[in-house]
Amino acid sequence: MFKTILAVTLLTASFAALLNPLAASAEEVKKADPESIFARVGGQAAIDATVDLFYTKVLADDRVNYLFEDINMNAQIRKQKEFIGAALGGPVAWEGRDMRRAHRDLDLTEEHFGAIAGHLAASLKELKVDDKLIGEIMAVVASTKDDVLNKPKAAGAE
Ligand code: HEM
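Residues numbered from 1 in each chain as written. Predicted model: local features only at pLDDT ≥ 70, side-chain atom pairs only at ≥ 80, totals over all residues.

Turning next to the overall build of the protein. Per the secondary structure count, the protein includes 9 helices and 0 strands. When the helices and strands of the protein are placed in sequence order, the string is α-α-α-α-α-α-α-α-α. Taking the intrachain contacts of the protein between residues at least 6 apart in sequence as the baseline, contacts between residues at least 24 apart amount to 72%. (Helix = DSSP H or I, 4+ residues; strand = E, 2+ residues; numbered from the N terminus. Contact = placed C-beta atoms within 7 Å.)

Structure representation (structure tokens):
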């Protein structure tokens, strides 16, 4: 599935480059570091497919879906794709709310976090991302936990 998405994206990008050489050079400047998790997982197309699958799982899970009842899911899905792209080393910076602020009023617990992280790992697995890379991605996700759960910051941390 990734390969098809990637092929379509690459084809579209090459046609766009043929039609518009300026767009092509701008694209060049914004290329992701080939060593980044972002590049190794298959770029934004792979992340988009993962996040789409992830939210079908989240919305089917009664442990967490009630939290999204009043949320505009199209916007949420778009933001999550942007956030994860940036967090994995993609070329576009995250300009939305920081994780502490975004989750501050939700009263989230370790169980909520575990459910969400589990759906993300399961989505990556289902899309055939290799286990080592899934481990690297889940370490980045885990690094957001204290902020998402609004845990008090350690003394001395800004
Ligand atoms: C696992 C790490 C997580 C990441 C990386 C993450 C990422 C994000 C992002 C990027 C946003 C949008 C922020 C914005 O509006 O600018 C967001 C909002 C939200 N997240 Fe998370 N999230 C995580 C965990 C969770 C968990 C555990 C829950 C609940 C089970 C949750 C529920 C929500 C909800 C309900 C919103 C919408 C808040 C609003 O618009 O008022 N998130 N999250």
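Glancing now at the nonpolar core. With 16 residues, the main nonpolar core has Val41, Ile47, Ile84 and Leu88 as its most contacted residues. Those elements that provide at least two residues to this core are α3 (37–41), α4 (43–59), α5 (73–87) and α7 (110–126). Ranked by residue count, the leading element in this core is α4, at 6 residues. (Core = buried A, V, L, I, M, F, W, Y, C linked by C-beta atoms within 7 Å. Buried ≥ 20, exposed ≤ 12 C-beta atoms within 10 Å, placed from the backbone.)

Let us look at the confidence of the model for the protein. Averaged over all residues, the pLDDT of the protein is 87; the fraction at 70 or higher stands at 79%. Counted against residues more than four places away or in other chains, residues 10–26, with its pLDDT under 50, gives 4 contacts. (pLDDT = per-residue confidence, 0-100.)

Between its terminal C-alpha atoms α4 stretches 25 Å, which fits the 24 Å expected from 17 residues at 1.5 Å a residue. Those residues of α4 that fall on the buried side of the exposure criterion are Gly43, Gln44, Ala46, Ile47, Ala49, Thr50, Val51, Phe54 and Val58. (Expected span 1.5 Å × (residues − 1).)

Interhelical geometry of α4 versus α7 gives an angle of 130° and a closest axis separation of 9 Å. By the angle between their directions, the pair α4 and α7 is classed as oblique. Relative to α7, α4 is oriented so that their crossing is right-handed. Every residue of α7 that contacts α4 at Thr50, Leu53, Phe54, Lys57 and Val58 is listed here: Ile116, His119, Leu120, Ala122, Ser123, Leu124 and Glu126. Its residues placed into classes, the contact of α4 with α7 shows 7 nonpolar, 3 polar and 2 charged. (Axes fitted to C-alpha atoms, helices over the stretch in contact; angles between N-to-C directions. Parallel < 35°, antiparallel > 145°, perpendicular 65-115°, else oblique. Left-handed = near helix turned anticlockwise from the far one by under 90°. Nonpolar A, V, L, I, M, F, W, Y, C, P; charged D, E, K, R; others polar.)

Below, the discussion takes up the site of the ligand. In the vicinity of the ligand there are 21 residues, among which Phe83, Gly96, Arg97, Ala102 and His112 approach most closely. Going through the elements one at a time, α5, α6 (99–103) and α7 are the ones with two or more residues in the shell around the ligand. Its residues placed into classes, the shell around the ligand shows 13 nonpolar, 6 polar and 2 charged. (Near = placed C-beta within 6 Å.)

Time to look at the packing of α7 against helix α8 (residues 131–142). To describe two helices that pack against each other, one gives the angle between their axes and the distance between the axes. Close contact between α7 and α8 brings their axes to 10 Å; oriented N to C, the two are set at 155°. Here α7 is positioned roughly antiparallel relative to α8, judged by the angle of their axes. The way α7 lies across α8 gives a crossing that is right-handed. Residue-level inspection shows Ala117, Leu120, Ala121, Leu124 and Lys125 of α7 in contact with α8, the latter providing Ile134, Ile137, Met138 and Val141. Of the residues contributing to the contact of α7 with α8, the split by class is 8 nonpolar, no polar and 1 charged.

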